[in-house]
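Understanding the architecture of this molecule
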Amino acid sequence: ETIEKYVAELVIPPVMPRDRRDSGTGLDSYTVGVRQFRQQVLPPGRPATTVWGYGSTRHPETFSYPAFTMEAEVGRTTRVKWVNQLLDARGHYLPHLLPVDSTLHWANPPGGVAWRDSSPTFTSTPGPYEGPVPIVTHLHGGRNAEESDGYAEAWYLPDARDLPAGYARTGSFYEVFGRKSAELFGAKWRPGDAVFHYDNRGRASTLWFHDHALGITRLNVYAGLAGFYLLRGGPADVGEGVLPAPAPKRGDRTGMTYYEIPVVIQDRSFNTDGSLFYPASRAFFDGFTGPYAPESDMAPIWNPEFFANAMVTNGRTWPVLSVEPRRYRFRFLNGCNARFLILKIVTAPSAPRPATPALPFWQIGSDGGFLPTPVQREQLLTAPAERADVIVDFTSVPAGTELYLINEGPDTAFRGGVAGTDFPPANAKTTGQVMKFVVKPLTAPDRSTPVSQLVLPPCEPLGAASRTRRLCLNEVNSASVRGAGPRAVLLGVLDSSGKPMPLGWGDPITEDPALGATEVWEIHNLTKDGHPIHIHEVQFQVVDRQREGQTPRPPEPWERGFKDTVVAYPNAITRVKVRFDQPGRYMWHCHMLEHEDNEMMRPFRVGLS
Ligand code: C2O
């Protein structure tokens, strides 16, 4: 059955209302819950979809997938109490919407205690997990203290009345960080919530928040737990009136007159009753038929990657946006679990597609804020979690014109190369299409600066590095990694002779930069696929990429600002320069969420603790 396209209007996420603004302390406070609700993700007339989403607990109508956008200012602190409200009306817990693989190394409340202190006994629970759902929220791209970062083992359950006996209510780092939070900020955590502080000391940038609970991030995010966090102001912003306006105002929930639009693109599959589909076994992927063996290395449910068959943009399948002949600023986020996107604007959505795009993208920013200068791009390659802040200039497009945002990335993992030559592009009828633009007459003059005259703030280089770490990405057949599937994906280090040592989440920390150190991390990708590598707590600079036997290539023009996620291509070394200026325990990982959930994630520590 096919889902009709370009029926529903694109939803522009309104601004998340805050609880209060304290001018004395410079603190903006929010209480943001996670709830389950139904939303019209499919076109009108089709069944609604049960999803999870964030919202302000004081305003029930704000619960939405994706979340309302959080607006923050450089120099003001944002304080958020994140509440797990995955409960029904009687206060009983809600089970997961999607099949949980309880044989992976995951948050695992029934056996959660076993994982504390790196106990060598992994106690998986046979059968599908149907208990309460752990969550913990990470502000992706934020440079925050460890207790506010959303560490994967700082998860917590809802404060349910029917919590089964013997369940761990929280992960092993919940209390550690909660205690620290209380000492530093007087912020009390109670099972069911956590209070995080975001310093907002970075550059103006497009950040996002999403769930990060250990081993079920792929499921919690797929169910809907993601939203934008726009950091504005400070010396690295361009100032009012220069870029397409207006920016959303706090408390404005109409959301319909903005020329600056955050756009999160995600692939999802649906059952005919409108519910979300996520594969319940590896049979979906590679014909695995069992036996179900929880104590063996055969994780029965986990899929190495999942590529869904429908495109959802800002929480609607294939929406349409009316635009005027003026400049728009789109903040694109690839919010897919595993899919790389190659976006283009064209005049016809399916074959035969015109060879040249109808309009270029002018990229002005990436993960960590503005680029030093705008970069014209015919197409936007974005890996999961990467952001592209772009201007699209519709000024010369006549009213009545229809344009399409298409995707020519593969329906599989991405290894680099050119669509149509090196890999087949996404299905032109489904995942190859994203959204439609309909150009309407101009209603008011466009006073924004033409891109050719745009002056962007400079990016200070990070300076000399004091050491280089040689790290690696591995895909191994492994029975030795606790809880991992037969093809575990791992990070690791190269030893002094250059031999890879793959390491899982539970292995001792190997990356331990000193506080204030600047380092080069040299990522050797020993797998067949490209991986988006994300480092928490920092915004780094891409140094270069080097294929085997070749000279290093400088970063792409659109990678010359600050980034928090970088694509590491197969058979190549990717070098990034990082300054670690916040002490604490963080993590770095592949942002293909199925990889992250199967050990392709490692803790790191800044400064001695
Ligand atoms: Cu966007 Cu560690 O995550």
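Residues numbered from 1 in each chain as written. Predicted model: local features only at pLDDT ≥ 70, side-chain atom pairs only at ≥ 80, totals over all residues. Heavy atoms only, no water.

1. Examining the pairing of strand β6 (residues 137-140)
- Residues T137 and L139 of β6 are buried on one face, and the alternating residues H138 and H140, pointing to the opposite face, are buried as well.
- Examined bridge by bridge, β6 and strand β8 (residues 205-211) share four bridges and lie antiparallel to one another. In the sheet register, T137 faces β8, and the bridge partner there is D211. (Buried < 20%, exposed > 50% of the residue type's maximum accessible area, 1.4 Å probe, protein only. Helix = DSSP H or I, 4+ residues; strand = E, 2+ residues; numbered from the N terminus. Pairing = 2+ DSSP bridges.)

2. A look at the side chain of D564
- Summarising the element assignment, D564 is placed in the loop between β28 (541-547) and β29 (565-568).
- A distance of 2.7 Å separates the side chain of D564 from the side chain of R387, its partner in a polar contact.
- Within the structure, the side chain of D564 is placed 3.0 Å from the side chain of Q539, a separation counted as a polar contact.
- Those residues in contact with D564, other than ones at most four positions away along the chain, are H140, G141, D367, R387, I533, H534, I535, V538, Q539 and F540. (Polar contact = N/O pair within 3.5 Å; in protein donor to acceptor, adjacent residues only side chain to side chain. Contact = heavy atoms within 4.5 Å.)

3. Here's the deal with the pattern of salt bridges
- This structure, assessed with the given rule, holds 40 salt bridges.
- Across the pair R329 and E260 runs a salt bridge, and its minimum N-O distance is 3.7 Å. Of this pair, R329 sits in strand β15 (residues 327-334) while E260 sits in strand β10 (residues 260-270); the two residues are 69 residues apart in sequence, bridging distant segments of the chain.
- Ionic contacts of the salt-bridge type, sharing partners, join the residues E71, R232, E260, R329, R331 and D389 into one network. (Salt bridge = Lys/Arg side-chain N within 4 Å of Asp/Glu carboxyl O.)

4. Some remarks on the packing of aromatic side chains
- Under the criterion given, the structure shown has 33 aromatic pairs.
- Between F414 and F423 the ring centres are 5.6 Å apart and the planes differ by 80°, which places this aromatic pair in the edge-to-face class.
- Linked through ring pairs, Y259, Y328, F330, F332, F361, F394 and F437 together constitute an aromatic cluster.
- One cation-aromatic arrangement involves R268 over Y222; the distance from NZ or CZ to the ring centre is 4.4 Å. (Phe/Tyr/Trp six-rings, centres within 6.5 Å; stacked < 30°, edge-to-face > 60°. Lys NZ or Arg CZ within 6 Å of the ring centre and 35° of its normal.)

5. Remarks on the nonpolar core
- In this structure, W82, F330, F332, F394, L405 and F437 are the most contacted members of the largest nonpolar core, which totals 105 residues.
- Tallying contributions element by element places strand β22 (residues 433-439) first for this core, with five residues.
- Excluding its chain neighbours within four sequence positions, the residues that come into contact with F332 are V263, I265, L343, F361, L380, E386, R387, A388, V390 and L405. (Core = buried A, V, L, I, M, F, W, Y, C linked by side-chain atoms within 4.5 Å.)

6. Remarks on unusual backbone geometry
- The omega torsion of the bond from Y65 to P66 falls at -10°, within 30 degrees of zero and hence cis.
- Assignment of secondary structure puts P66 in the loop between β3 (49-56) and β4 (70-73).
- Positive phi values are uncommon outside glycine, yet W318 reaches one of about 35°.
- For W318, the position within the fold is in the loop between β13 (316-317) and β14 (320-323).
- Overall, W318 belongs to the buried group, its relative accessible area being 2%.
- The phi angle at N571 is positive, at roughly 55°, despite the residue not being glycine.

7. Thoughts on the side chain of H595
- Relative to the assigned elements, H595 resides in helix α5 (residues 593-596).
- What makes H595 buried here is its relative accessible area of 1%.
- Setting aside chain neighbours within four positions, we find H595 in contact with P304, E305, V489, H531, C590 and M600.

8. Things to note about helix α2 (residues 174-185)
- When the terminal C-alpha atoms of α2 are compared, their 16 Å separation across 12 residues agrees well with the 16 Å that a helix rising 1.5 Å per residue should span.
- All of the buried residues along α2 are Y174, F177, G178 and S181. One face of α2 carries all of its buried residues, which in axial projection span an arc of 105°. For α2, the exposed residues lying more than 90 degrees away from the buried face are R179 and E183.
- Positioned one or two residues after α2, G186 has a phi angle of 65°, which is positive. (Expected span 1.5 Å × (residues − 1). Arc of directions from axis to C-beta.)

9. Re the sheet that holds β8
- Taking strand neighbours across the sheet as the criterion, the four strands line up as β4-β9-β8-β6 in an open arrangement whose pairing is mixed. Edge positions in the sheet fall to β4 and β6, since each has one partner strand and no second. When the angles between neighbouring strand axes are averaged without regard to direction, this sheet yields 25°.
- Where β8 lies against strand β9 (residues 226-232), six bridges are found, and the strand directions are antiparallel. Considered in β9, the bridge of L207 is made with Y229. (Axes fitted to C-alpha atoms, helices over the stretch in contact; angles between N-to-C directions.)

10. Examining the sheet that holds strand β31 (residues 584-590)
- Read from one edge of the open sheet, four strands run β29-β27-β31-β32, paired in antiparallel fashion. Both outer strands of the open sheet, β29 and β32 (601-606), are each paired with one neighbouring strand and no more. Ignoring which end each strand starts from, the neighbouring axes of this sheet average 25° apart.
- Pairing between β31 and β32: six bridges, direction antiparallel. Considered in β32, the bridge of H589 is made with M601.

11. Thoughts on the environment of Q582
- By secondary structure assignment, the location of Q582 is in the loop between β30 (572-579) and β31.
- Residues Q582 and N144, spaced 438 residues apart in sequence, show a C-alpha to C-alpha distance of 7.4 Å.
- Among the polar contacts listed, one links the side chain of Q582 to the backbone oxygen of R143, at a separation of 3.4 Å.

These results come straight from atomic positions and should not be treated as a statement about function.
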